[in-house]
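Coordinates in review
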Amino acid sequence: MSDNQSNISWHSKSAKDVMQELESREEGLSDSEAKERLTYYGTNELRKRKKKSIGKMLLEQITDVMVLILIAAAVLSMLLGEWAEAIVIFTIIVVDAVIGVIEENKATNALEALKQMSAPTACVRRDGEESIIPASELVPGDIVLLEDGAIIPADIRLIQENRLAVQEASLTGESIPVEKDSETILPVDEPLGSRVNMAYTSSIVMYGNAEGIVVGTGMDTEVGKIARMLDNQDELDTPLKRKLNSVGKTLSMVGLVVCIAIFLIGSLYGRPWIPLLMTAVSLAISIIPEGLPATATIVMALGVQRMAKQNAIIRKLPAVETLGSATVICCDKTGTLTQNRMTVTHVAFQQAFQQGNAVSIDELKGFPAENRELLYIAALCNNAVFNPECPGEVIGDPTEGALLTFAGNYGIDPDVLMEKMPRVFEQPFDSVRKRMMTVHKSGNKIVAYTKGAVEEMLPFCTHILTAQGVREITETDRKQILSLCLKMSGEALRVLGFAKRIMDHVPVDESENVEENLTFVGMTGMIDPPRKEVIQAVETCHAAGIRVIMITGDHKVTALEIAKQLHIFREGNSVITGPELNEMTEEQLKEAVKTAAVFARVSPSDKLRIIEALQSNHEVAAMTGDGVNDSPALKAADIGIAMGKSGTDVAKDASDMILMDDNFTTIESAIREGRRIYRNIQKVIQFLLAGNIAEILTLFVATLFNWDAPILAVQILLVNLITDTLPALALGVDPASKNIMKHPPVKSGTLFERGLVVRVCLHGAFISAATIAAFWVGVNTDSYAAGMTMAFLVLSISQLLHALNQRSNSESIFFRGNGRNPYLFISIVASALVLMLILLVPYLRKIFSLTFLHTSVNGGRG
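Residues numbered from 1 in each chain as written. Predicted model: local features only at pLDDT ≥ 70, side-chain atom pairs only at ≥ 80, totals over all residues. Heavy atoms only, no water.

Focus: the overall build of the chain
Secondary structure assignment for the chain yields 34 helices and 26 strands. Per-residue burial over the chain gives 54% buried out of 862 residues. Long-range pairs, those at least 24 residues apart, make up 71% of the contacts in the chain with a sequence separation of at least 6. Entry remark: accessible area of the chain is about 36700 Å², with carbon and sulfur atoms responsible for 57%. (Helix = DSSP H or I, 4+ residues; strand = E, 2+ residues; numbered from the N terminus. Buried < 20%, exposed > 50% of the residue type's maximum accessible area, 1.4 Å probe, protein only. Contact = heavy atoms within 4.5 Å. Areas by Shrake-Rupley, 256 points an atom, 1.4 Å probe, with all protein chains shown as cover.)

Right under this line is the structure:
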């Protein structure tokens, strides 16, 4: 036996060869063999790595560049006896670290959710006897029996089956059950969704029964591979984190250079070390925008609340900003872009065969009386039923559910019809005949109804139903029917044919050949229809410079047709299938994703490769999905978006954001909100950094001219935490520009867009010049204390007024096209009142080393 069962292509071997390779037999393993293998292979459960400790999370938080600078400034303040400054700085550090740990501690529980999807028990044959055992005790070589409704307990190579159909939606993303065939031997590179001789863990038996041999358990199953991919992925930095780190590193370098320059200049002037150290503390504090982490967190939290009202639940705080930076959105087709509900969209009768075009249901005014029998076949040759507890919902096979709904839409009540025409015989659908037949009594008549694949049914048809009645079918009829069937299939429709036969007796058993001398009635075409509202959302994404890529396990023809209907596939785009993708090197894939709009017949590992290829092209990739198969890519993407209604727990836990209405259009609102938050955080940074530049320049110029410090560390702290913070928060809730979705996304890597650095430096220089001028006037007309007080007031008031400039880089502050922001004016007034309070209350003036300004200072008296 092989040590690693997951690396063997069991689908490419016969059942007999698999039995021999696993040293098993039809009567199953013995209890002693099973026990021995359980010790060797381990339990049929998923493993996971150890979670990150709270201590490690805290350590990662406090080793951030900006936090380290603040810690150094706090320690230095303590050494110099400036306890008030040290306490304030440490408070900022602790609050920021706690917020970070709380967010990170909401770690994903994807592996736990995967465990819950596993079957709790399994029916096995050991020593020739059938028994129910815990699924965790299954081992490779066990013979497992599957029945209707069973959850597949392990990866199984089918030995024999009886009309078995398995729903693999959680693994492949496709809702239509897969009909299994144990006799088939497939190529090694056969895609996961096409392996009809296999049954995989967490899939569900929709109907039929089977026997199979376990070939993979625990981490060696297909679900185990997904779990391993989830487990091996490191937590990803979001664009916001990367950008804030970039800001911190840039400011650190600037601060280091300026600190060295100040020390050198101060030493040349022979200034004492203590004042120089105090200036260094002031400089360190002025470099770091202390309000930025808290403000960014609050801005995003408010955005999260707004998005929750629009059915978008954010699981990780930076996710909303990340979506605003997205350059590519990768969408799973089923349930995300489509309705995840098979629907009959076209019908075809004899006249349609002649014209070569099926009739759209939307264009069908009423159902032709002469063709109404097609509705009877759709309703009666059908094992699906309406859910009595949920009107409109169907229980059973999605294809049969679509036919039941189709008949119901034209006034057919299947229960009433079944009472009038009770079923007396059935030949169930199987993968060989590709047909289903039921026999019904209708008064004194006995009628057989058949539905199935047109090409398999047509050879048994001797007549055709026309508007004039039943007549013999001709070769021309057959060619026209097959031609239209091929055309409908090319339009991604699932085509079914319908036929009937009047009988003179009820068949005795299934060996009787009933399906002959049939009358061909017509065809239906059905599809999982695209969500109509998605088209506008896709167009909005294109206008915003965001590519939309469909990634699906469905066939190429179906995927391409849906992509065209939704305007995802455009001129110059390409379609890539799973087998084609597997032949590509990483470099080839990196180039291919630049134009690809559709990836069809892909596996979970393919989706992960696609995401990684996009990210290697410096794209900010978002991924939507709902199945287990999507979870590795959801976790690896810059932002993973899971579906709230149809999504599995695994997908939700691997995601950053959940769409509660499963509606792709909600992403449009999320993108808009994300861009609004990004722009507002950019406004905040521009606002705060201009103030920091002003503070740095003020201290540097004072040192250059050998002046005493125009502003002290505690005063800088006051400016940064009061006069900056309130307006900064108000800027964080600024309304979005009306053109925000008409601009391309900002590439990740830095918050400093073209022109921002110039604006920050220019604005900072103006504020610094005004502050230095005020200090010089105060010192020369009154005293050092007066000069420092004047510098403090000018710096504070200038920054408050500067907040008004940040609303737009191109429009006047009087322009109302950007909407109203009353919070900004309230914050400016509130901050001004705090300044007045500090200046007018003697005790507060003393704490902050300020003095009361007399009118004589403004009079120019020397």
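On we go from here.
Re the nonpolar core
One finds L323, F520, M523, M657 and F664 to be the most contacted residues of the largest nonpolar core, which totals 79 residues. Looking at this core element by element, the count peaks at eight residues for helix α27 (residues 665-704). The next biggest cluster of nonpolar side chains, apart from the first, holds 50 residues, and it includes L171, C330, I549 and I610. (Core = buried A, V, L, I, M, F, W, Y, C linked by side-chain atoms within 4.5 Å.)

Examining the packing of aromatic side chains
One pass over the structure, following the stated rule, counts nine aromatic pairs. Between the aromatic rings of F353 and F520, the centroid separation amounts to 5.9 Å while the plane-to-plane angle is 50°, which identifies the pairing as tilted. Note that F353 is positioned in helix α14 (residues 350-355) and F520 in strand β20 (residues 518-527), a separation of 167 residues in sequence. Like F353, the residue F520 is buried in the burial classification. Arranged with centres 5.8 Å apart and planes meeting at 75°, the rings of F406 and Y410 form a pair that is edge-to-face. (Phe/Tyr/Trp six-rings, centres within 6.5 Å; stacked < 30°, edge-to-face > 60°.)

Section: a nonpolar patch on the surface
Together, V75, M78, L79, W83, I87 and F90 make up an exposed nonpolar region whose accessible area comes to about 590 Å². Of all elements in the fold, only α4 (65-79) and α5 (83-104) reach the threshold of two or more residues within the nonpolar patch. Note on placement: L79 falls in helix α4. (Patch = residues over 30% accessible without salt bridge, like charges linked within 9 Å, V, L, I, M, F, W, Y side chains within 5 Å. Salt bridge = Lys/Arg side-chain N within 4 Å of Asp/Glu carboxyl O.)

Quick look at the side chain of K607
Position of K607 relative to the elements: it lies in helix α24 (residues 604-616). Not counting chain neighbours up to four residues away, the residues in contact with K607 comprise D332, I551, V602, M623, N629, D630 and A633.

Observations regarding the packing of α27 against helix α31 (residues 784-805)
For any two helices packed against each other, the geometry is given by the interaxial angle and the distance between the axes. The N-to-C vectors of α27 and α31 enclose an angle of 155°; their axes lie 10 Å apart at closest approach. Judged by the inter-axis angle, α27 sits roughly antiparallel to α31. Seen along the crossing, α27 lies across α31 with a hand that is right-handed. Within the contact between the two elements, α27 uses Q686, F687, A690, G691, A694 and E695 and α31 uses L795, Q799, H802 and A803. Residues of the contact of α27 with α31, tallied by class, amount to five nonpolar, four polar and one charged. (Axes fitted to C-alpha atoms, helices over the stretch in contact; angles between N-to-C directions. Parallel < 35°, antiparallel > 145°, perpendicular 65-115°, else oblique. Left-handed = near helix turned anticlockwise from the far one by under 90°. Nonpolar A, V, L, I, M, F, W, Y, C, P; charged D, E, K, R; others polar.)

Digging into the pattern of salt bridges
Counting across every chain of the model gives 24 salt bridges. The salt bridge involving R25 is made with E33; its shortest N-O contact spans 2.6 Å. The salt bridge involving E515 is made with R433; its shortest N-O contact spans 2.8 Å. You can see E515 sitting in the loop between β19 (494-503) and β20 and its partner R433 sitting in the loop between β14 (423-427) and β15 (435-442), a full 82 residues away along the chain. Across this residue pair, the class does not change: E515 and R433 are buried.

Description of the sheet that holds strand β26 (residues 657-659)
With mixed pairing, eight strands are arranged side by side in an open sheet as β8-β26-β25-β24-β9-β21-β23-β22. Strands with a single pairing partner mark the edges of an open sheet, and in this sheet they are β8 (312-314) and β22 (574-577). Put simply, the sheet's adjacent strands are angled 20° from each other on average, direction ignored. Two strands pair when backbone bridges link them, and strand β9 (residues 328-332) and strand β21 (residues 547-551) are joined in this way by five bridges, in the parallel orientation. What sits directly across from I329, in β21, is V548. (Pairing = 2+ DSSP bridges.)

What to know about the environment of I298
Considering the arrangement of structural elements, one finds I298 in helix α11 (residues 291-308). Relative accessible area serves as the criterion here: at 37%, I298 is assigned to the partly exposed category. Considering only alpha carbons, one finds I298 and G732, 434 residues apart in sequence, at a separation of 8.2 Å.

Focus on the pairing of strand β4 (residues 155-167)
Along a regular strand, successive side chains alternate from one face of the sheet to the other. Relative to strand β7 (residues 204-216), β4 is paired through ten bridges, and the arrangement is antiparallel. Bridge pairing in β7 places E161 opposite A210. Sheet analysis places β4 next to strand β6 (residues 198-199), joined by two bridges and oriented antiparallel. Its bridge partner lying in β6, I156 is registered against A199. Sheet analysis places β4 next to strand β5 (residues 178-179), joined by two bridges and oriented antiparallel. Its bridge partner lying in β5, A165 is registered against E179.

Comments concerning unusual backbone geometry
The residue S202 is not glycine, and still its phi comes out positive at about 80°. Looking at where S202 falls in the secondary structure, it is placed in the loop between β6 and β7. Take S202: its relative accessible area is 8%, and that puts it in the buried class. Positive phi outside glycine occurs at N311, with the angle close to 70°. Taking the relative accessible area as the measure of exposure, N311 reaches 33% and is therefore partly exposed.

Re the state of the cysteines
Taken as a whole, this structure holds zero disulfides when the rule is applied. Free cysteine: C331, not disulfide-bonded; nearest cysteine sulfur from C330 at 7.3 Å. A residue is classified by how much of its surface remains accessible, and C331, at 0% relative accessible area, is buried. (Disulfide = S-S within 2.5 Å.)

A short note on the environment of N780
Position of N780 among the secondary structure elements: in helix α30 (residues 756-781). Among the polar contacts made by the side chain of N780, one reaches the main-chain carbonyl oxygen of W776 at a distance of 2.7 Å. (Polar contact = N/O pair within 3.5 Å; in protein donor to acceptor, adjacent residues only side chain to side chain.)

A word on helix α15 (residues 373-380)
α15 sits mainly inside the fold: seven of its eight residues count as buried. Those residues of α15 lying buried are E373, L374, L375, I377, A378, A379 and L380.

A word on the confidence of the model for the chain
Per-residue confidence for the chain averages 83 on the pLDDT scale, and 87% of its residues sit at or above 70. Segment residues 106-119: pLDDT under 50, and 35 contacts once partners within four positions in sequence are set aside and those in other chains are kept. Confidence drops under pLDDT 50 across residues 857-862; counting only partners more than four residues distant or on other chains, this segment forms seven contacts. (pLDDT = per-residue confidence, 0-100.)

Some remarks on the packing of α27 against α30
One can describe the packing of α27 onto α30 by two numbers: an axis separation of 7 Å at closest approach and a directional angle of 45°. With respect to their mutual orientation, α27 and α30 come out oblique. When you trace α27 past α30, the crossing you get is right-handed. Judged by residue contacts, Q682, Q686, L689, A690, I693, A694, L697, T698 and V701 of α27 engage L756, R759, V760, C761, H763, G764, A765, I767, S768, T771 and I772 from α30.

Re helix α16 (residues 398-409)
Taking 1.5 Å as the rise per residue, α16 with twelve residues should run 16 Å; its terminal C-alpha atoms sit 16 Å apart, in good agreement. Listed as buried for α16 are T399, E400, G401, A402, L403, L404, F406 and A407. Where α16 starts, the residue carrying a side-chain oxygen 2.9 Å from the main-chain nitrogen of T399 turns out to be D397. Count one or two residues on from α16 and you reach G411, which has phi positive near 85°. (Expected span 1.5 Å × (residues − 1).)

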